[in-house]
Amino acid sequence: MTLPGGPDDRSDPDLLAAHVAGDADAFGVLFARHRDRLWAVALRTMGNPEDAADGLQDGMIAAFRRAGSFRGEAAVTTWLHRVVVNACLDRIRAAKVRAADALPDDLEERADRGALVASTDTGDDPEASALAGERRRAVLDALATLPLDQRAALVLVDMEGYSVAEAAAILECAEGTIKSRCSRGRARLAPLLVALRPPSPATPVGNPPSGADVPSTGAPRGPPDSAR
């Protein structure tokens, strides 16, 4: 039982069922529970905070309205991510958005998830901060050049740290398809991101490994108030 003003310990399926049954607060609790990670996926898929807020809002409106169609074939959080990713991709297709024209302020913090995480903790060093900003911009610009299916797979697996199986469930495709999309996306990004990797004695400059994961741009904070 939830005490007034206390945390709601109902499970995700229970909250969704309560929303469908008419509980006015249940969906808000569910969204708040998964808000940060849904925002991170929307931001990295869209490339800037304004478009990400719109994509997240579209996704949450769709989830709010379609909650009755949820049949429990996947986890509620997987379903929510699927709805948000699809909403973002629909916006990109409709508007032909080329993401990452501006550097999102929300990418300042370091993430401890993702296949490859580079530190952005530069302290008070202006030069280091500028370099970190250039690095983030380069990653987002490079991601914006990929086909949407490859971009979505790389955001989920390499930048958000989802397993291949989880990404496959979110994007509703086979695990082998996710692996293939990631492999092709990394191969396309490698020449674009070569400047971000320091030279290695074993790897001549200008010839980066094609299988390297996408560098994370850092963990964004929560969405702006307008996205709620």
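Anything mentioned here points back to the structure above.
Counting restarts for each chain: residues are numbered from 1 in the order of the written sequence. Reporting in this predicted model follows two pLDDT cut-offs: at least 70 for local features of residues, and 80 or more for side-chain atom pairs to be given and counted; totals over whole chains, interfaces and linings ignore these cut-offs and use all residues. Working from all heavy atoms in the structure, the side-chain values ignore hydrogens and water.

(A) A look at the overall build of the protein. Think of it this way: any DSSP run of H or I at least four residues long counts as a helix, any run of E at least two long counts as a strand, and we number them from the N terminus. The secondary structure content of the protein amounts to eight helices and zero strands. A burial count over the protein gives 43% of its 228 residues as buried. Residue contacts are counted whenever heavy atoms from the two residues lie within 4.5 Å of one another. Of the contacts made within the protein by residues no fewer than 6 positions apart, 70% connect residues no fewer than 24 positions apart. Total accessible area on the protein stands at roughly 11400 Å², and carbon and sulfur atoms take up 51% of it. Here's how the labels work: a residue is buried when its accessible area is under 20% of the maximum for its type, exposed when over 50%, partly exposed in between, all with a 1.4 Å probe on protein chains only. Each accessible area is a Shrake-Rupley result for a 1.4 Å probe, and residues are judged covered by the shown protein chains and nothing else.

(B) Structural detail: the packing of helix α4 (residues 76-95) against helix α6 (residues 148-159). Remark: α4 packs on α6, axes separated minimally by 11 Å, with the N-to-C direction vectors making an angle of 145°. The two elements α4 and α6 cross, and the hand of that crossing is right-handed. The residues of α6 that touch α4, namely those facing V85, L89, I92 and R93, are L148, R151 and A152. Each residue receives one of three labels: charged for Asp, Glu, Lys and Arg, nonpolar for Ala, Val, Leu, Ile, Met, Phe, Trp, Tyr, Cys and Pro, and polar for the others, Gly being one of them. Its residues placed into classes, the contact of α4 with α6 shows five nonpolar, no polar and two charged. A fitted line through C-alpha atoms represents every axis, and for helices the fit uses only the stretch in contact; the resulting angles, taken between N-to-C directions, go from 0 to 180 degrees. With the far helix as reference, a near helix turned anticlockwise by less than a right angle produces a left-handed crossing, and one turned clockwise produces a right-handed crossing.

(C) Quick look at unusual backbone geometry. One non-glycine residue, E172, adopts positive backbone phi at about 55°. Its place among the elements puts E172 in the loop between α7 (164-171) and α8 (175-189).

(D) Representation of the pattern of salt bridges within the structure. Definition used for salt bridges: Asp or Glu carboxyl oxygen within 4 Å of a side-chain nitrogen of Lys or Arg. Overall, the coordinates contain eleven salt bridges when judged by the stated rule. We note a salt bridge from D36 to R35, for which the minimum N-O separation is 3.7 Å. Exposure remark for D36: the relative accessible area of 46% places this residue in the partly exposed category. Between R93 and D90 there is a salt bridge, with the nearest N and O atoms lying 3.3 Å from each other. With a gap of three residues between them, R93 and D90 both fall in helix α4, about one helical turn apart.

(E) Fine view of the environment of L146. Inspection of the secondary structure assignment puts L146 in the loop between α5 (126-143) and α6. Sequence-wise, L146 and R184 are 38 residues apart; in three dimensions their C-alpha atoms are separated by 9.5 Å. The contacts of L146, once residues within four sequence positions are left out, are R151, L154, G185, R188 and L189.

(F) Layout of the nonpolar core. The term nonpolar core refers to a set of buried residues drawn from Ala, Val, Leu, Ile, Met, Phe, Trp, Tyr and Cys, joined through side-chain atoms within 4.5 Å. If you look at the biggest cluster of nonpolar residues, it comprises 52 residues, and the most contacted ones within it are L56, M60, W79, L80, L171 and I178. Contributions of two or more residues to this core are made by α1 (12-20), α2 (26-46), α3 (49-66), α4, α5, α6, α7 and α8. If one sorts the elements of this core by residue count, α2 sits on top with ten residues. In contact with L171, other than residues within four places in its own chain, are V85, A152, A153, L156, I178 and R181.

Any functional reading would require information beyond the geometric quantities listed.
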